[in-house]
Structures are given as structure tokens and as C-alpha cells.
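# Per-entry structural report
Read off the chains here:
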Amino acid sequence: MTTSTRTTIAALLALTVGFALPALAHSRRGGATRPPAGQSVHSRGLLGQLVFPCQAACSSSSQDCIDTANDTALSCIAAACGSEVSAAQTACGADRTSDACGSAVDALADCGDACLDARTDAADVCRDALGDCRAACE
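The model shown is predicted, which means the values in this text are computed figures rather than measured ones.

### What about the state of the cysteines?
Summed over all chains, the structure comprises six disulfides. With a sulfur-sulfur separation of 1.9 Å, Cys-76 is cross-linked through a disulfide to Cys-115. Taking the sign of the S-S torsion, about -65 degrees here, the bridge from Cys-76 to Cys-115 comes out left-handed. Placement of Cys-76 in helix 3 (residues 53-80) and of Cys-115 in helix 6 (residues 113-137) is noted, with a sequence separation of 39 residues between them. The disulfide bridge from Cys-81 ends at Cys-111, spanning 2.1 Å between sulfur atoms. Residues Cys-81 and Cys-111 are joined through a disulfide that is left-handed, its torsion about the S-S bond being -100 degrees. Linking Cys-81 in the loop between helix 3 and helix 4 (82-94) with Cys-111 in helix 5 (residues 99-111), this pair joins segments that are 30 residues apart in sequence. Once the disulfide-bonded cysteines of the chain are ranked by sequence position, their pairing pattern turns out to be 1-12, 2-11, 3-10, 4-9, 5-8, 6-7.

### Notes on the packing of helix 3 against helix 6
For the pair helix 3 and helix 6, the least separation of the axes is 9 Å and the interaxial angle reads 170 degrees. Comparing their axes, helix 6 and helix 3 come out roughly antiparallel. Seen from helix 3, the contacting residues are Cys-54, Gln-55, Cys-58, Ser-59, Ser-62, Cys-65, Ile-66, Ala-69, Asn-70, Ala-73, Cys-76 and Ile-77; seen from helix 6, they are Cys-115, Leu-116, Arg-119, Ala-122, Ala-123, Cys-126, Leu-130, Cys-133, Arg-134 and Cys-137. When its residues are assigned to classes, the contact of helix 3 with helix 6 shows 16 nonpolar, four polar and two charged.

Calculation rules
- Residues numbered from 1 in each chain as written.
- Predicted model: local features only at pLDDT ≥ 70, side-chain atom pairs only at ≥ 80, totals over all residues.
- Heavy atoms only, no water.
- Disulfide = S-S within 2.5 Å.
- Helix = DSSP H or I, 4+ residues; strand = E, 2+ residues; numbered from the N terminus.
- Axes fitted to C-alpha atoms, helices over the stretch in contact; angles between N-to-C directions.
- Parallel < 35°, antiparallel > 145°, perpendicular 65-115°, else oblique.
- Contact = heavy atoms within 4.5 Å.
- Nonpolar A, V, L, I, M, F, W, Y, C, P; charged D, E, K, R; others polar.

Structure representation (C-alpha cells):
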């Protein structure tokens, strides 16, 4: 699979599933105030990995799970929809905002629908495992 093909499919997947996991990096610097006494430190971010190592390990495992689901979906789409990938690359190469590009990406999404559905199911399993892992940390 060419780098260009991977990039196009990755962009499509990113648009489709970009909301799957919340951002994991937040900073307490830059004017942010400390939580009131008696409240816990926010568990996200670099320092949270040290303060809450169990939850950090859960998040890392979940990200690995999502990465595997994404890689599987990319391979599936590349194998099943080679002509649609090529058509989208051609149509979108000059102008990502063109109607031709939009139509080609829509056709690619239609072709890859079963692969994307399988990715969604796999991501659901990843999220469930993340919840179970975090619950076990408490």
C-alpha cells in the first residue's frame, strides 16, 4: 500500500472516528488554577501518568487497541476498495474542497462501509475494556 493511499484512508477514518477517544493531554500550566482543597488533581496529562499509573496504563492499552482497529480497517479498505482509493486520490489531489473530491470520498466511504462498521465495533470493545480497566484501578 502506498503512503498516499494510507494517508487518504487515514484521513477518512480520522474524520469518521475522530471523536472516539478524548484528548489525553492537558496541561495545568498557563494560568490554570489548582483544584480546591479536598478535590483530586485532574488525571489527564503528563503528570497524571505519574500520579495515576494504573489509569495511565489503561489509557495506553486502549490507545493500542484503537490503533489496531484503525490499522485493520485501513488494510480492509485498501484491499476491498483499491479503485475507489485511487479515484479519491486523483479527485482530491488538486482540490480537497471540490465536488469531485467529495463525491469520490463518499464513494470510498460507501465501499469501505463494512470495514468501517467492523472498526466501530472494535472501537466499542476498546472503550468497554478501558472502562473496565479504569474501574479495576479504583
